[in-house]
Amino acid sequence: MKPIRSRGVVALFFMHACFLAPRDAQAFHVDGFWSGMSAEQFAFAAAARGLTAQPGEAGYFYLGASFPPLHLSRVGFCENILVSYSRNVQSDADYARILAEIFSAYGPPSKMQFSGDIEPGADAGAFRAASSAIWARGADRVRMESSFDWRLYRGELYRRQPASVTFEMLNPCDR
């Protein structure tokens, strides 16, 4: 029996192996994107996921969906090299997963800050807090920022917990 060969399969494998593979094992690698990838690689990887890469302010792209219009991530480039990737954390489960992945790859944070206060009262009772943590490994930095706004309003607990995570490498354009 002859082996099945397809130029398309071979070309796709070669493109994945050479074009999409991260160049540096120490580079951050998140959501299918990594530090050091070119803008062309980024656009190709975004399109492969059904997303669009739209130019933003100088040196940045926004990753998102065309319809409905939605920006999911902000991606920074320096001289055609991806140097930062920021996105909002979508849910508690997403937050826990991302935090576990960061701890697994980077260990404990090198810096943490936390502030918070409580407002008493049956209708206006609220807990508000803000936190940030920074991890570092080689040239990579990860920053996770969270804010919490939990309040009791007419006997119901309302909860907002926006969070974001930024992966970045030391940017040669900032020197």
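Criteria and cut-off values
Residues numbered from 1 in each chain as written. Predicted model: local features only at pLDDT ≥ 70, side-chain atom pairs only at ≥ 80, totals over all residues. Heavy atoms only, no water. Salt bridge = Lys/Arg side-chain N within 4 Å of Asp/Glu carboxyl O. Buried < 20%, exposed > 50% of the residue type's maximum accessible area, 1.4 Å probe, protein only. pLDDT = per-residue confidence, 0-100. Helix = DSSP H or I, 4+ residues; strand = E, 2+ residues; numbered from the N terminus. Contact = heavy atoms within 4.5 Å. Core = buried A, V, L, I, M, F, W, Y, C linked by side-chain atoms within 4.5 Å.

Considerations on the pattern of salt bridges
Part 1 of the reasoning: The final tally for this structure, using the stated rule, is 9 salt bridges.
Part 2 of the reasoning: We note a salt bridge from R143 to E145, for which the minimum N-O separation is 3.5 Å.
Part 3 of the reasoning: For E145, a relative accessible area of 37% corresponds to the partly exposed category.
Part 4 of the reasoning: Members of the salt-bridge network, linked through shared partners, are D31, R87, D94, R97 and E101.

Section: the confidence of the model for the chain
Part 1 of the reasoning: Confidence in the prediction for the chain averages 79 pLDDT; 82% of positions are at 70 or higher.
Part 2 of the reasoning: Within the chain, strand β11 (residues 163-169) carries the highest mean pLDDT (93), whereas helix α1 (residues 7-20) carries the lowest (32).
Part 3 of the reasoning: Here residues 1-25 scores under 50 on pLDDT; set against residues more than four positions off or in separate chains, the count is 17 contacts.

Section: the nonpolar core
Part 1 of the reasoning: One finds F33, F42, L82, Y85, I102, V165 and F167 to be the most contacted residues of the largest nonpolar core, which totals 25 residues.
Part 2 of the reasoning: Elements that contribute at least two residues to this core include exactly β2 (33-34), α2 (39-48), β5 (70-78), β6 (81-89), α3 (92-106), β8 (126-137), β9 (140-153) and β11.
Part 3 of the reasoning: Per-element accounting of this core gives the leading share, 4 residues, to α2.
Part 4 of the reasoning: Once you skip the residues sitting within four places of it in the chain, V165 turns out to touch Y85, S86, R87, V89, I98, I102, V142, R143 and M144.

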